[in-house]
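# Examining the three-dimensional arrangement
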Amino acid sequence: MKRNPKVEAIAQRILPIQEELHRHPELSGQEHETLKRVMRVLDEAEIPYEKITEKNALVAWVEGDHEGNTVAFRADMDALPITEESGVDYASENPGVMHACGHDVHTAILLGTALYFKENPYFAGKIKFLFQPDEEKNGGALAMVQAGAVDDVDYILALHVDPSLEVGTFGFGGGFFNAAVDDFTITLRGDGGHAAHPQKTQDLIYASSFIIQGIQGAMTRKRSPLEPALVTVASIHAGSKPNILPKELTMEGTLRSSSQEVREEAAEVLTQQVQALAKAFDIEAEVEIEEGYIALVNDIIITERVKKLARSVFGPDSVKISPPSMGAEDFGYFLENVEGTYISLGVGSPEGENHPLHSPKFKADQDAIYYGIYLQVLSALSLVEK
């Protein structure tokens, strides 16, 4: 496939910016220097922008030369508390912090897309570039929505690096794509006592084993198997000595679901099952559920439209199917308000070993910057037309 020379030139200019971002990762809510680097690039290109929240959220834009739709693209900017072991010569210089989820690549691609349209302003409508903080922790997307970032937007798209896909390919999935996620805490209370005389106590640890099995079974037997919901107990704390049965036990876990309706149903099933089993063991139970991100649901029509674009320009082998994931992603807040799609961007190297996201050895094939910019350019030019 012949490469687009304009996009190629911009990708090469953006490459050192991506490496600079990678060297200086910042955790969620702390993207101060990252934002300064973004603003420096925008200032040099004379691209207007505005900070819209107190947590380093920024919106830039480029307007075309005739009327059309407004299309937005989003890039998240935060990094993870991981010590880098990727071996790249532009590895993190911030101890214990790493761009192990590829947000430096996302930010670089968004900057490259902005530069392209600033230098080629012959298009309809308006294109907005959303630089989002705090995706990994507190849902910076919701704050941007509440601040009005997409009030005037007709369509919105985002890319996310995927090391399981080879560079030059894209993963698409219409409809449910990422799960809603809630954290729960189950606290059991009863009369503790001597382990030698369990009949005189209420054995919370023994009871907890039945509760764990019970809530797992309830999710598969009290709900439709056609609507995914996942419950996982990942932490249990109780006891102080081998011969003392505790009077309190705490379990913590995650509840993931495929829609708001399933989310509410799963929370009710979880709570009812815990209370029913606690009653059977004559113990007290308290269930607390802390809501996290909503489900991410791609617009089917927009997804198909961008998929056809990718196939026509990059070839049929460039288009892959990305199956739904029970992982969470706060881009769902944008899609709750605006039609759009969330696309997997192949960053796997055709040569060498590819490590998963959030691995200290993760690294992205930098040629993905070219493909990411080009797909966003093509998508924008298609969607801005009335």
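All figures in this text were calculated on a predicted structure; none of them were measured in a lab. (Residues numbered from 1 in each chain as written. Predicted model: local features only at pLDDT ≥ 70, side-chain atom pairs only at ≥ 80, totals over all residues. Heavy atoms only, no water.)

### Concerning the sheet that holds strand β15 (residues 319–321)
Across a sheet, paired strands are connected by hydrogen bonds in the backbone, their directions being either parallel or antiparallel. The strand order across the open sheet formed by eight strands is β1-β2-β4-β3-β5-β16-β6-β15, and the pairing between neighbours is mixed. Only two strands of the sheet have a single neighbouring strand rather than two, namely β1 (49–51) and β15. Each neighbouring strand pair of the sheet contributes to a mean axis angle of 30°, computed without reference to strand direction. As judged from the eight bridges shared by strand β3 (residues 66–76) and strand β4 (residues 124–132), these two strands associate in the parallel manner. Considered in β4, the bridge of His66 is made with Ala124. Sitting on the sheet, helix α3 (residues 103–119) is in contact with β2 (58–63), β3, β4, β5 (155–166) and β16 (339–348), with an inclination near 155° to β4. (Pairing = 2+ DSSP bridges. Helix = DSSP H or I, 4+ residues; strand = E, 2+ residues; numbered from the N terminus. Axes fitted to C-alpha atoms, helices over the stretch in contact; angles between N-to-C directions. Contact = heavy atoms within 4.5 Å.)

### A short note on the pairing of β4
For a regular strand, the rule is simple: side chains alternate between the two faces of the sheet. Here β4 lies mainly inside the structure; nine of its nine residues are buried. Sheet topology note: the β2/β4 ladder contains six bridges and is antiparallel. Looking at β4, one finds that Val59 is bridged to Leu130. Crossover β3 to β4 through α3 is right-handed. (Buried < 20%, exposed > 50% of the residue type's maximum accessible area, 1.4 Å probe, protein only. Right-handed = clockwise from strand over helix to strand, strands pointing away.)

### Description of the pattern of salt bridges
For the structure shown, the criterion picks out 17 salt bridges. Among the salt bridges present, the one from Arg13 reaches Glu119, with a minimum N-O distance of 2.8 Å. You can see Arg13 sitting in helix α1 (residues 5–23) and its partner Glu119 sitting in helix α3, a full 106 residues away along the chain. Of the charged contacts in the structure, one is a salt bridge between Arg263 and Asp182, with a shortest N-O distance of 2.6 Å. Here Asp182 lies in strand β8 (residues 180–189) and Arg263 lies in helix α6 (residues 260–280), a separation of 81 residues in the sequence. By relative accessible area, Asp182 is classed as buried at 2%. It is possible to trace a salt-bridge network through shared partners that takes in Arg74, Asp76, Glu329 and Asp330. (Salt bridge = Lys/Arg side-chain N within 4 Å of Asp/Glu carboxyl O.)

### Digging into the packing of aromatic side chains
Overall, the coordinates contain 14 aromatic pairs when judged by the stated rule. A ring pair is formed by Tyr116 and Phe117, whose centres lie 5.3 Å apart and whose planes are at 85°; its orientation type is edge-to-face. The same class applies to Tyr116 as to Phe117, namely buried. Relative to Phe123, the ring of Phe117 has its centre 5.0 Å away and its plane inclined at 70°; by these criteria the two rings are edge-to-face. Comparing Phe117 with Phe123, the two get one shared label, buried. Put simply, the rings of Phe170, Phe314, Tyr370, Tyr371 and Tyr374 touch in pairs and so form one group of aromatic residues. (Phe/Tyr/Trp six-rings, centres within 6.5 Å; stacked < 30°, edge-to-face > 60°.)

### Side note on a negative patch on the surface
Residues Glu227, Glu261, Glu264 and Glu291 make up a contiguous surface patch of negative charge. The residue Glu291 is located in strand β13 (residues 284–291) in this model. Glu291 sits in the exposed class, given a relative accessible area of 59%. (Patch = residues over 30% accessible without salt bridge, like charges linked within 9 Å, V, L, I, M, F, W, Y side chains within 5 Å. Areas by Shrake-Rupley, 256 points an atom, 1.4 Å probe, with all protein chains shown as cover. Lys, Arg positive; Asp, Glu negative; His and termini not counted. Charge placed at Lys NZ, Arg CZ, Asp CG, Glu CD.)

### Re the nonpolar core
Counting 68 residues, the largest nonpolar core has Phe117, Phe129, Phe131, Phe170 and Leu345 as its most contacted members. When residues of this core are assigned to their parent elements, the largest contribution, 11 residues, is made by helix α9 (residues 368–383). Setting aside anything within four residues of it in sequence, one finds Phe129 in contact with Leu58, Val59, Ala60, Trp61, Val62, Phe73, Leu110, Thr113, Ala114 and Phe117. Of all hydrophobic cores here, the second largest spans 26 residues; its members include Ala218, Ala267, Ala285 and Val287. (Core = buried A, V, L, I, M, F, W, Y, C linked by side-chain atoms within 4.5 Å.)

These results come straight from atomic positions and should not be treated as a statement about function.
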